[in-house]
There are 2 protein chains.
Amino acid sequence: MDACTRLGEKFEGWQALGLDEERCPVRNLLDQIGDRWSILLISALAGGPKRFSALARAVPDISKRMLTQTLRTLEISGFVHRDVQPTVPPSVTYSLTPLGQSFAAPLLGLVDWAESNFATVLEARAQAKRAA
Amino acid sequence: MDACTRLGEKFEGWQALGLDEERCPVRNLLDQIGDRWSILLISALAGGPKRFSALARAVPDISKRMLTQTLRTLEISGFVHRDVQPTVPPSVTYSLTPLGQSFAAPLLGLVDWAESNFATVLEARAQAKRAA
DNA sequence: CGCTCAAGTCTCTATCTGAGACTTAGTCTA
DNA sequence: TAGACTAAGTCTCAGATAGAGACTTGAGCG
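Right, let's walk through the structure included here. What you see is a predicted model, and the numbers here were worked out from it, not measured in a lab. (Residues numbered from 1 in each chain as written. Chains lettered and ligands numbered in written order. Predicted model: local features only at pLDDT ≥ 70, side-chain atom pairs only at ≥ 80, totals over all residues. Heavy atoms only, no water.)

### What to know about the protein's contact with DNA strand D
So, point 1. The environment of DNA strand D is formed by 20 residues, the closest being A:Arg51, A:Arg82, A:Val92, A:Tyr94 and B:Met66.
So, point 2. The share of sugar and phosphate among atoms of DNA strand D within 4 Å of the protein is 72%.
So, point 3. A distance of 3.3 Å is found between a sugar or linking oxygen of DNA strand D and a backbone nitrogen or oxygen belonging to A:Pro90.
So, point 4. Within the side chain of A:Tyr94, one N or O atom sits 2.7 Å away from a phosphate oxygen of DNA strand D.
So, point 5. The set of elements that each furnish at least two residues to the surface near DNA strand D consists of helix 4 (52–58), helix 5 (64–76) and strand 3 (91–96) of chain A together with helix 5 (64–76) of chain B. (Near = heavy atom within 4 Å. Polar contact = N/O pair within 3.5 Å; in protein donor to acceptor, adjacent residues only side chain to side chain. Helix = DSSP H or I, 4+ residues; strand = E, 2+ residues; numbered from the N terminus.)

### Some details on the protein's contact with DNA strand C
So, point 1. Taken together, 20 residues form the shell around DNA strand C, and within it A:Arg65, A:Met66, B:Arg82, B:Val92 and B:Tyr94 come nearest.
So, point 2. When atoms of DNA strand C within 4 Å of the protein are split into backbone and base, the sugar-phosphate part holds 73%.
So, point 3. B:Arg51 places a polar side-chain atom, nitrogen or oxygen, 3.0 Å from a sugar or linking oxygen of DNA strand C.
So, point 4. Within the backbone of B:Pro90, a nitrogen or oxygen atom sits 3.3 Å from a sugar or linking oxygen of DNA strand C.
So, point 5. Listed by contribution, the elements that provide at least two residues to the surface near DNA strand C are helix 5 of chain A together with helix 4 (52–58), helix 5 and strand 3 (91–96) of chain B.
So, point 6. Broken down by element, the surface near DNA strand C gets its largest block of residues, 4 residues, from helix 5 of chain B.

### Overview of the pattern of salt bridges
So, point 1. Inspection of the entire model under this criterion finds 14 salt bridges over all chains.
So, point 2. The partner of A:Arg27 in a salt bridge is A:Glu21, with the nearest N and O atoms 3.3 Å apart.
So, point 3. With a relative accessible area of 1%, A:Arg27 lands in the buried category.
So, point 4. Judged by relative accessible area, which is 30%, A:Glu21 ranks as partly exposed.
So, point 5. Here B:Arg36 makes a salt bridge to A:Asp31, at a shortest N to O gap of 3.6 Å. (Salt bridge = Lys/Arg side-chain N within 4 Å of Asp/Glu carboxyl O. Buried < 20%, exposed > 50% of the residue type's maximum accessible area, 1.4 Å probe, protein only.)

### Focus on the relation of the copies chain B and chain A
So, point 1. Mapping chain B onto chain A is achieved by rotating through 180 degrees and translating by 0.0 Å along the same axis, at an RMSD of 0.0 Å. The symmetry that links the two subunits is that of a two-fold axis.
So, point 2. When the interface residues of chain B are mapped onto chain A, 100% of them again fall at the interface, so both copies present the same face. (Least-squares fit on C-alpha atoms with pLDDT ≥ 70 in both. Contact = heavy atoms within 4.5 Å.)

### Things to note about the packing of helix 6 (residues 98–131) of chain A against helix 2 (residues 25–33) of chain B
Between two packed helices, what matters for the description is the angle formed by their axes and the separation of those axes.
So, point 1. Across the interface, helix 6 of chain A lies against helix 2 of chain B with an axial gap of 9 Å and an inter-helix angle of 70 degrees. It follows from the interaxial angle that helix 6 of chain A and helix 2 of chain B lie roughly perpendicular. The crossing of helix 6 of chain A and helix 2 of chain B is left-handed. Of helix 2 of chain B, the residues touching helix 6 of chain A (which contributes A:Val111, A:Trp113, A:Ala114, A:Glu115, A:Phe118 and A:Arg125) are B:Pro25, B:Val26, B:Asn28, B:Leu29 and B:Gln32. (Axes fitted to C-alpha atoms, helices over the stretch in contact; angles between N-to-C directions. Parallel < 35°, antiparallel > 145°, perpendicular 65-115°, else oblique. Left-handed = near helix turned anticlockwise from the far one by under 90°.)

As structure tokens, this is what we get:
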């Protein structure tokens, strides 16, 4: 059975549970990390721990506000560990937890797909624009 | 080399390109389908073509507005095909394109991870709440 | 005659996002 | 010695975005 069919069956299973955000793992996870920044920050931390300001530099167009907020959410869900050194000025280091690290494998699959199929997507968009 | 390290290296590669949304496949894709509904709709269509109203029923808490908008975006990026039967009332069927179908494989990896690690995430959140 | 359905569009409000100023105290610079 | 800079945020305000729900057109149904 191909992946597409299996995914379709998974979906029907979720439907049976009413696609409830509390109980459906995929809905739940998507609501947490299905945004513009979470995936990017997890990727940024995959190479090793980084400080707040290093992350801000690594992802140039994230605002401090969203950086703080996204890291807090990832921390609460157990993807990221936040380590505060109570110096002055404080030094805060973020790192992936074992859970966060284990997420790297499926994420890498997604990333590889994106890189392989990017040209196709661009072509589709160009064609859509011509048709418009 | 483990997935986490490899992901970290990928990220450094993107950084070298300035993480530009136009050129970085991951940024680009994330901006398109990194939202609450796209992944869910692709999963819903993985089982086979569906009509607009069937999709609305399949994903109960999506508004018509977001359903239309998300499907349009997916169509433009080449994930979804939109087939209009010019009857009265019109009958519109959505289906995954070959590109959309090929996306099912990495998506399934993500979904499996979510289902396997959901308990861990819930536990982390419960602990965060206790600590607060 | 009035109701419902198809697949949306439109408007209005609620929420979220981003930009940028502000904070504290120690170190570096002029 | 005054001024600037840094770390890791918080705060506020304006603008973008999401969701709820009314409205559309023509046909079939009771």
